[in-house]
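A structural walkthrough
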Amino acid sequence: MKKWIAGAALALMAATGPAFADGHADYPDRPIMMMVSYGAGGATDFQARIVTMTAGNEDALGMPIAIVNRPGAGGRVGWNWFATEAEGDGYTLGAYNIPHFIAQSIEGGVSYSTDSFEPIANWGADPAVFVVGADSDFNSMDDVVAYAKDNPGGLTFSGAGLFVGHHIAALQLEKAAGVELAYIPNNAGGAGAMRAVISGEVLGGVNNLSDAFRAQAAGNVKILGIFDLERNAEFLPDVPTMMEQGYDIDNASVNFRGVMVPAGTPQDIIDKLAETVPAMFENGRVQSRMAAGGSPMHIMTRDEVLEMWAARQETLEELLADL
């Protein structure tokens, strides 16, 4: 009888998997925090609040996710904290932005790399776009480039920080157009960079499609070009790509956003999140709210994100070596 009971217990442990074996069967049993490395109101913050809105549902994680903003230095402040101080217990998640943190780690001076984090799932792919104020004399990228050629270093334009997707796009534009631009990173991230364009502090800006879509709908900006391989048929079907306008610029600056945890997080917790989070992103309420905000979704599983991170690392190493 004792042998039968012992065998049954072992069989139960094997059947229920590593969560029971590792002691995390009840995960999560309290609310979860997700760190966003950018300020409130920007695209990452705006989207993170939407994609986590169903986390507390019984068919999701069963616990709410609270967003905590740690902005500064183009994301470096938040990601440095996440890599060096965040607890790897599954109750502190982080929002990632690619190419941002990979490009920053390649340039150096930060405490993180892809080895510092474990991806969970990707929710979106947000291309960079070039924007100008609604009353600007610029109506095409040719207008912008012509001004830059006549005024070397005089074309001021904003972005969310150094070696983020906006900056990568700016560097590509300089190279493709053969011009010198005055890129001004904004300490308030994408939201601050957009405000600088709208207020006339700068002549233009590189920003996210999602932020620009909402600003254009409000009548505050014009969108002159998209830094992607194809037009965005869903949100900006009339905005041409940079390539269509004669500039050899690919999609290296497209901003992938998703959820990650610190390296060292127990594997059974990673597995639970990797199984549950993509389903949260697929929720109908989430998708409709994202669409209403002009936020392109691109859902990827953990394995797909691991492949994307590796590919972007290789692409950015080559790109930054040439710029």
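Remember, it's a predicted structure, so these values are computed and weren't measured experimentally.

**Focus: the nonpolar core**
Among the nonpolar cores identified, the biggest contains 83 residues, and Met 34, Phe 101, Trp 123, Phe 130, Phe 227, Leu 273 and Trp 309 are the most heavily contacted of them. Excluding residues within four positions of it along the chain, Phe 101 makes contact with Trp 79, Tyr 96, Tyr 112, Ser 113, Thr 114, Phe 117, Met 260 and Trp 309. Counting 15 residues, the second largest nonpolar core, distinct from the first, contains Val 131, Leu 209, Ala 212 and Leu 236.

**Here we look at the pairing of strand β8 (residues 204-208)**
Here β8 lies mainly inside the structure; 5 of its 5 residues are buried. For strand β5 (residues 128-133) and β8, the ladder comprises 4 bridges, and the chain directions are antiparallel. Bridge pairing in β8 places Phe 130 opposite Val 206. Looking at chain direction, strand β6 (residues 156-159) and β8 are connected through 2 bridges and run parallel. Along β8, the bridge assignment pairs Ser 158 with Gly 205.

**Some thoughts on the packing of aromatic side chains**
This structure, assessed with the given rule, holds 16 aromatic pairs. With a centroid separation of 6.2 Å and 75° between ring planes, the pair formed by Trp 79 and Tyr 112 is classed as edge-to-face. Of the two residues, Trp 79 is situated in helix α4 (residues 76-84) and Tyr 112 in the loop between α5 (100-107) and β4 (117-126); the sequence distance between them amounts to 33 residues. A residue is classified by how much of its surface remains accessible, and Tyr 112, at 3% relative accessible area, is buried. Summarising the aromatic geometry, the rings of Trp 123 and Phe 281 are spaced 6.0 Å apart at their centres and angled 80° between planes, so their arrangement reads as edge-to-face.

**Here we look at helix α6 (residues 141-150)**
Listed in full, the buried residues belonging to α6 are Met 141, Val 144, Val 145 and Ala 148. Looking straight down α6, one finds that the buried residues subtend no more than 95° of arc, so they occupy a single side. Residues of α6 that are buried make contact with β5, α7 (165-177) and β9 (221-227).

**Quick notes on a negative patch on the surface**
A cluster of acidic residues, Asp 135, Asp 137, Asp 142 and Asp 143, forms a negative patch on the protein surface. Within the secondary structure, Asp 142 is located in helix α6.

The rules behind these values
Residues numbered from 1 in each chain as written. Predicted model: local features only at pLDDT ≥ 70, side-chain atom pairs only at ≥ 80, totals over all residues. Heavy atoms only, no water. Core = buried A, V, L, I, M, F, W, Y, C linked by side-chain atoms within 4.5 Å. Buried < 20%, exposed > 50% of the residue type's maximum accessible area, 1.4 Å probe, protein only. Contact = heavy atoms within 4.5 Å. Helix = DSSP H or I, 4+ residues; strand = E, 2+ residues; numbered from the N terminus. Pairing = 2+ DSSP bridges. Phe/Tyr/Trp six-rings, centres within 6.5 Å; stacked < 30°, edge-to-face > 60°. Arc of directions from axis to C-beta. Patch = residues over 30% accessible without salt bridge, like charges linked within 9 Å, V, L, I, M, F, W, Y side chains within 5 Å. Areas by Shrake-Rupley, 256 points an atom, 1.4 Å probe, with all protein chains shown as cover. Salt bridge = Lys/Arg side-chain N within 4 Å of Asp/Glu carboxyl O. Lys, Arg positive; Asp, Glu negative; His and termini not counted. Charge placed at Lys NZ, Arg CZ, Asp CG, Glu CD.

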